[in-house]
Amino acid sequence: MVLALLVSGAVVLLVLVGLFVFGLRRRLIQRSGGTFDCSLRWNVPENEPSGKGWIYGVARYNGDRIEWFRVFSYAPRPRRLLERSAIEVLERRTPQGEEELALLSDSIVLACSHNGIRVELAMSEDALTGFLAWLEAAPPGQRVNVA
């Protein structure tokens, strides 16, 4: 009986520590500011509006690039880096079919090309406005393609 309580207490403690570390990591990512919720699909076939492949994350502006972090990860480094000069906006659309279930409500999907790889980002309307403004605010001489 005592052993069962001890094991149960240890399991509860581990779960609480794990949740605390998730929260701490997110707080550290957001500490420098310029973050927004952003789901991502990498290397997407064209005209593939299924709910598959979407990963929920947090994106952070850092100079001329966006750092994208998975939400459900303990990794301190970004999973993807998107360089402003390599992003070309292809289209903007609302989620279709199963995507509506896979994404946050009121998300807008932005299809982009990043160094020839098709990438889709899903974010709120406000985050999209900020993202497009960030793209257009490239330093003089840089090529920016916004559709």
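So, how was this worked out
- The residue numbering used here restarts from 1 in each chain and proceeds along that chain's sequence as written.
- Residue-level local features of this predicted model are given only where pLDDT is at least 70; pairs of side-chain atoms are given and counted only at 80 or more, and the full residue set underlies all totals for whole chains, interfaces and linings.
- Derived side-chain values reflect all non-hydrogen atoms in the structure, with water molecules and hydrogen atoms excluded from consideration.
- Each helix is a run of H or I in the DSSP string that is no shorter than four residues. Each strand is a run of E no shorter than two, and both are numbered from the N terminus.
- A helix is expected to span 1.5 Å multiplied by its residue count minus one.
- Buried, partly exposed and exposed residues are distinguished by accessible area as a fraction of the type maximum, computed with a 1.4 Å probe on protein chains only: under 20%, between the cut-offs, and over 50%, respectively.
- The arc refers to the directions leading from the helix axis to the C-beta atoms.
- Strand pairing is assigned whenever DSSP identifies at least 2 bridges connecting the two strands.
- Helix axes use the C-alpha atoms of the stretch in contact, all axes being lines fitted to C-alpha atoms, and the angles between their N-to-C directions lie in the range 0 to 180 degrees.
- By definition in these notes, contact holds between two residues if any of their heavy atoms fall within 4.5 Å.
- What counts as a ring pair is set by centres within 6.5 Å for rings of Phe, Tyr and Trp (its six-membered ring), and what kind of pair is set by the plane angle: stacked under 30 degrees, edge-to-face over 60, tilted for all other angles.

Participant: Outline helix H3 (residues 125-136), listing residues and values.
Facilitator: Along its 12 residues, H3 runs 17 Å from first to last C-alpha, staying within 8% of the 16 Å computed at 1.5 Å per residue. Residues of H3 that are buried include every one of Ala-127, Leu-128, Phe-131, Leu-132, Trp-134 and Leu-135, and no others. Each buried residue of H3 lies within a common arc of 155 degrees when the element is viewed along its axis, so the set occupies one face. H3 presents Asp-126, Thr-129 and Glu-136 as exposed residues on the side facing more than 90 degrees away from its buried surface.

Participant: Can you explain the sheet that holds strand E5 (residues 80-83)? Please cite residues and give values.
Facilitator: Taken together, 4 strands build an open sheet; the order of strands is E1-E3-E4-E5 and the sheet is antiparallel. Edge strands, defined here as strands with exactly one partner in the open sheet, are strand E1 (35-37) and E5. Each strand of the sheet is rotated relative to its neighbour by a mean of 25 degrees, with strand direction disregarded. Strand direction decides the pairing type here: E1 and strand E3 (residues 57-62), joined by 3 bridges, are antiparallel. Each residue of the ladder has a partner; that of Asp-37, found in E3, is Val-58. With respect to the sheet, H3 is in contact with E1, E3, strand E4 (65-70) and E5, its orientation differing from that of E3 by roughly 35 degrees.

Participant: Tell me what's going on with unusual backbone geometry, and back it up with residues and numbers.
Facilitator: Non-glycine residue Asn-43 carries a positive phi angle of around 55 degrees. One non-glycine residue, Asp-106, lies in the positive phi region at around 65 degrees. Tracing the backbone through its elements, the reader meets Asp-106 in the loop between helix H2 (99-102) and strand E7 (108-114). Its relative accessible area of 66% is what places Asp-106 among the exposed residues.

Participant: A description of the environment of Val-17 should follow, citing residues and the corresponding values.
Facilitator: Secondary-structure assignment places Val-17 in helix H1 (residues 2-31). Sequence separation between Val-17 and Ser-107 is 90 residues, and the spatial gap between their C-alpha atoms is 31 Å.

Participant: Give me the lowdown on the packing of aromatic side chains, citing residues and values where you can.
Facilitator: This structure, assessed with the given rule, holds 3 aromatic pairs. With a centroid separation of 5.3 Å and 40 degrees between ring planes, the pair formed by Phe-36 and Tyr-61 is classed as tilted. In this pair, Phe-36 is assigned in strand E1 and Tyr-61 in strand E3, connecting sequence segments 25 residues apart. Taken together, a centroid distance of 5.4 Å and an interplanar angle of 50 degrees make the contact between Tyr-61 and Trp-134 tilted. Of the two residues, Tyr-61 sits in strand E3 while Trp-134 sits in helix H3, which places them 73 residues apart along the sequence.

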